[in-house]
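# Structure assessment
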Amino acid sequence: MMKIAVGVNDFGVVASHLGKTSRFFIFEVNGKEVEFLEMRDSNSDKSNHIIEEIKDCSGVISGSIGEGMLDNLKKNGITAVIESVITDPEKAVEKNFIN
């Protein structure tokens, strides 16, 4: 089992950029099953807030992610996936984390 965070915007679709994420939808992947666990608000006032908010997750999905954040995620053992086609958070998890 693994937890995957999907950065979403105010409309509940995959955010165009991780830095513009207003909240995270957290999913659990177990084999070929994807289950929605919770929603977490993103606190953009805190420095390094994104890592803190998803540090218990194995991966994160967003429409784009800056180079510095990609490095930071990798250092923290979080797999970053850029998904610029699928906007539905659950379908993005299925596409990128179901083998």
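Relevant structure appears above.
Let me begin by describing the structure that accompanies this report. In this text, all values refer to a predicted model and were calculated from it rather than measured experimentally.

### Concerning the overall build of the chain
- When helices and strands are tallied, the chain shows three helices and five strands.
- When the elements of the chain are put in sequence order from the N terminus, they spell out β-β-β-α-β-α-β-α.
- The C-alpha atoms of the chain give a radius of gyration of 12 Å, which matches the 13 Å a tight globule of 99 residues would have.
- Among the 99 residues that make up the chain, the fraction classed as buried is 39%.
- In the chain, the share of contacts with a sequence separation of at least 24, taken over all contacts with a separation of at least 6, comes to 44%.
- As presented, the chain carries roughly 5,600 Å² of accessible surface, and 48% of it is formed by carbon and sulfur atoms.
- Positive and negative side-chain charges in the chain, numbering 11 and 16 respectively, have mean positions lying 4 Å apart.

### Some thoughts on the side chain of S42
- Note that S42 resides in the loop between β3 (33-41) and α1 (49-54).
- S42 sits in the buried class, given a relative accessible area of 15%.
- Here E53 takes part through its side chain, which lies 3.0 Å from a polar atom of the side chain of S42.
- With residues near it in sequence (within four places) discarded, S42 still touches T21, S22, R23, F24, H49 and E53.

### Observations concerning the environment of E33
- Following the sequence through the fold, E33 ends up in strand β3.
- A sequence separation of 32 residues divides E33 from M1, and the C-alpha atoms of the two residues are 9.6 Å apart.
- Residues within four places of E33 in sequence aside, it is in contact with E28 and I98.

### Observations regarding the side chain of E53
- Among the secondary structure elements, E53 is positioned in helix α1.
- Ignoring sequence-local partners within four residues, the contact set of E53 consists of F24, R40, D41, S42 and N43.

### Structural notes on the pattern of salt bridges
- Counted by the stated rule, this structure contains seven salt bridges.
- Of the charged contacts in the structure, one is a salt bridge between R23 and D10, with a shortest N-O distance of 3.8 Å. Residue R23 is located in strand β2 (residues 23-30), and its partner D10 is located in the loop between β1 (2-8) and β2; the two are separated by 13 residues in the primary sequence.
- What makes R23 partly exposed here is its relative accessible area of 21%.
- Note that R40 and E38 form a salt bridge whose closest N and O atoms lie 2.9 Å from each other.
- Salt bridges here are not isolated pairs; linked through shared partners, they connect K3, E38, R40 and D56.

Definitions and limits used
Counting restarts for each chain: residues are numbered from 1 in the order of the written sequence. Local features are withheld for residues below a pLDDT of 70 in this predicted model, meaning they are given only at 70 or higher, and side-chain atom pairs are given and counted only at 80 or more; totals for whole chains, interfaces and linings count all residues. To get the side-chain values, take all heavy atoms of the structure and skip hydrogens and water. To qualify as a helix, a DSSP run of H or I must reach at least 4 residues; to qualify as a strand, a run of E must reach at least 2; elements of each kind are numbered from the N terminus. Computation of the radius of gyration draws on C-alpha atoms alone. For the globule rule, the value is 2.2 Å times the number of residues to the power 0.38. Accessibility here uses a 1.4 Å probe with only protein chains present; expressed as a share of the type maximum, an area under 20% marks a residue as buried, one over 50% as exposed, and anything in between as partly exposed. Note on definitions: a residue-residue contact is assigned when non-hydrogen atoms from the two residues lie within 4.5 Å. Reported accessibility uses the Shrake-Rupley method at a 1.4 Å probe radius. Residues are deemed covered only where the shown protein chains occlude them. Under the counting rule used here, the positive set is Lys and Arg, the negative set is Asp and Glu, and His together with the chain ends is not counted. To locate a charge, the coordinates of NZ of Lys, CZ of Arg, CG of Asp or CD of Glu are taken. N or O atoms closer than or at 3.5 Å make up a polar contact, with two conditions inside protein: a donor-capable atom paired with an acceptor-capable one, and, for residues adjacent in sequence, both atoms drawn from side chains. The salt bridge criterion pairs a side-chain nitrogen of Lys or Arg with a carboxyl oxygen of Asp or Glu, the two atoms within 4 Å.

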